[in-house]
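Structure assessment
Spelled out, the chains give:
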Amino acid sequence: EFHIPNARGAGPVTMQAQMAMLDGKSRLDIDMTKMQGGMPPGMAEQIKAMGMAEIATITIPEKKMTYLLYPGLEGYVEAPLPGDADKPLEKFKMELTKLGEETIDGHACVKSKFAITEEQGKKREGTVWQAGDLKGFPLKIESEESGQTITMTFRDVKMTAPAAALFE
């Protein structure tokens with residue numbers, strides 16, 4: 001679940017998505033008609049009528065590409081990854097500072113401040129809650145974007161490999 005407190009001045013937006021990851025690839029499935037806030041009345045119906053309500057975003061770093069699939073249109077868009085999106089993790093410096101412990105959805109988590117610094121010095125900071133019983137999986141991440149705190153919360157985490165066909 002993504003939560004933006006004031007998206008483009010239109011008030012809070014909450015969006016549900018399903019995410020899968022395998023061998024560095026990722027897939028994010030979104031149904032825009034289930035988004036809460038941020039859209040004028042009737043917009044969800046218009047998006048659905050155009051066949052653009054469901055979006056699957058597949059990112060394949062080795063191809064340096066992201067694919068936006070629109071099942072309702074039986075079409076897709078190819079987009080190159082942004083400049084540093086395929087950089088190896090070794091090119092980033094990651095610092096974690098433990099702030100405490102909290103429970104999220106029944107999982108004991110370590111709450112930490114994180115700072116990720118790129119080679120050029122650009123820094124991103126935020127807070128992460130990592131579940132010990134899920135091998136440190138981040139159940140919640142908060143970070144600043146354009147002066148707002150964006151919150152990502154993960155639920156129903158499965159620590160099994162998804163089908164490779166999801167990324168084809």
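To be clear, the structure that these remarks concern was listed above.
My aim in this report is to walk through the structure given alongside it, one point at a time.

Conventions we followed
- Residues numbered from 1 in each chain as written.
- Predicted model: local features only at pLDDT ≥ 70, side-chain atom pairs only at ≥ 80, totals over all residues.
- Heavy atoms only, no water.
- Patch = residues over 30% accessible without salt bridge, like charges linked within 9 Å, V, L, I, M, F, W, Y side chains within 5 Å.
- Areas by Shrake-Rupley, 256 points an atom, 1.4 Å probe, with all protein chains shown as cover.
- Salt bridge = Lys/Arg side-chain N within 4 Å of Asp/Glu carboxyl O.
- Helix = DSSP H or I, 4+ residues; strand = E, 2+ residues; numbered from the N terminus.
- Pairing = 2+ DSSP bridges.
- Axes fitted to C-alpha atoms, helices over the stretch in contact; angles between N-to-C directions.
- Buried < 20%, exposed > 50% of the residue type's maximum accessible area, 1.4 Å probe, protein only.
- Polar contact = N/O pair within 3.5 Å; in protein donor to acceptor, adjacent residues only side chain to side chain.
- Contact = heavy atoms within 4.5 Å.

**Some details on a nonpolar patch on the surface**
Together, Met-50, Met-52 and Leu-73 line one region of the surface with nonpolar side chains, adding up to about 270 Å² of accessible area. Along the chain, the position of Met-50 falls in the loop between helix H1 (43-49) and strand S5 (54-60).

**A word on the pairing of strand S11 (residues 137-145)**
As judged from the six bridges shared by strand S10 (residues 123-131) and S11, these two strands associate in the antiparallel manner. Within S11, the residue paired with Val-128 across the bridge is Ile-141. Counted along the chain from S10 to the antiparallel partner S11, the turn is five residues long, and its residue Lys-135 has a positive phi close to 60°. Pairing analysis gives six bridges linking S11 to strand S12 (residues 148-153), with the strands arranged antiparallel. Residue pairing in the sheet places Ile-141 in a bridge with Met-152 of S12.

**Details of the sheet that holds strand S9 (residues 107-117)**
If you trace the seven strands from one edge of the open sheet to the other, you get S2-S1-S12-S11-S10-S9-S8, paired in antiparallel fashion. The outermost strands of the open sheet, each flanked by one partner alone, are strand S2 (13-15) and strand S8 (93-104). Taking each pair of neighbouring strands and ignoring which way they run, the sheet shows an average axis angle of 15°. Alignment of strand S1 (residues 2-4) against S2, held across three bridges, turns out to be antiparallel. What sits directly across from Phe-2, in S2, is Met-15.

**Some words on the pairing of S9**
One ladder, built from 11 bridges, connects S8 with S9; its direction is antiparallel. The residue of S9 that forms the bridge with Met-94 is Ile-116. Between S8 and S9, which pair antiparallel in sequence order, lie two residues; one of them, Asp-105, sits at a positive phi of approximately 50°. The pairing of S9 with S10 spans nine bridges and is classified as antiparallel. Residue pairing for S10: Val-110 is matched across the bridge by Gln-130. Turn length for the S9-S10 hairpin, with the two strands adjacent in sequence and antiparallel, is five residues, and the turn residue Gly-121 shows positive phi of about 100°.

**Here we look at the sheet that holds strand S3 (residues 17-22)**
Taken in spatial order, the five strands line up as S3-S4-S5-S6-S7 in an open sheet, and their pairing is antiparallel. In this open sheet, the two strands that pair with only one neighbour each are S3 and strand S7 (75-80). Each strand of the sheet is rotated relative to its neighbour by a mean of 15°, with strand direction disregarded. In terms of strand pairing, S3 meets strand S4 (residues 25-31) through six bridges, oriented antiparallel.

**Looking at the side chain of Arg-27**
Along the chain, Arg-27 falls in strand S4. Its relative accessible area of 15% is what places Arg-27 among the buried residues. For Arg-27, the side chain forms a polar contact with the side chain of Asp-29, separated by 2.9 Å. A distance of 2.7 Å separates the side chain of Arg-27 from the backbone oxygen of Leu-166, its partner in a polar contact. When neighbours within four sequence positions are excluded, Arg-27 is seen to be in contact with Gln-18, Met-19, Ala-20, Ala-56, Thr-57, Ile-58, Leu-69, Leu-166 and Phe-167.

**A few points about unusual backbone geometry**
Even without being glycine, Glu-74 reaches a positive phi, approximately 55°. Looking at the secondary structure, you find Glu-74 in the loop between strand S6 (65-70) and S7. Residue class for Glu-74 comes out exposed when judged on its relative accessible area of 77%. Residue Asp-156 is not a glycine yet carries a positive backbone phi of 55°. Note on placement: Asp-156 falls in the segment after S12.

Note that all results are geometric; they support no functional claim without further evidence.
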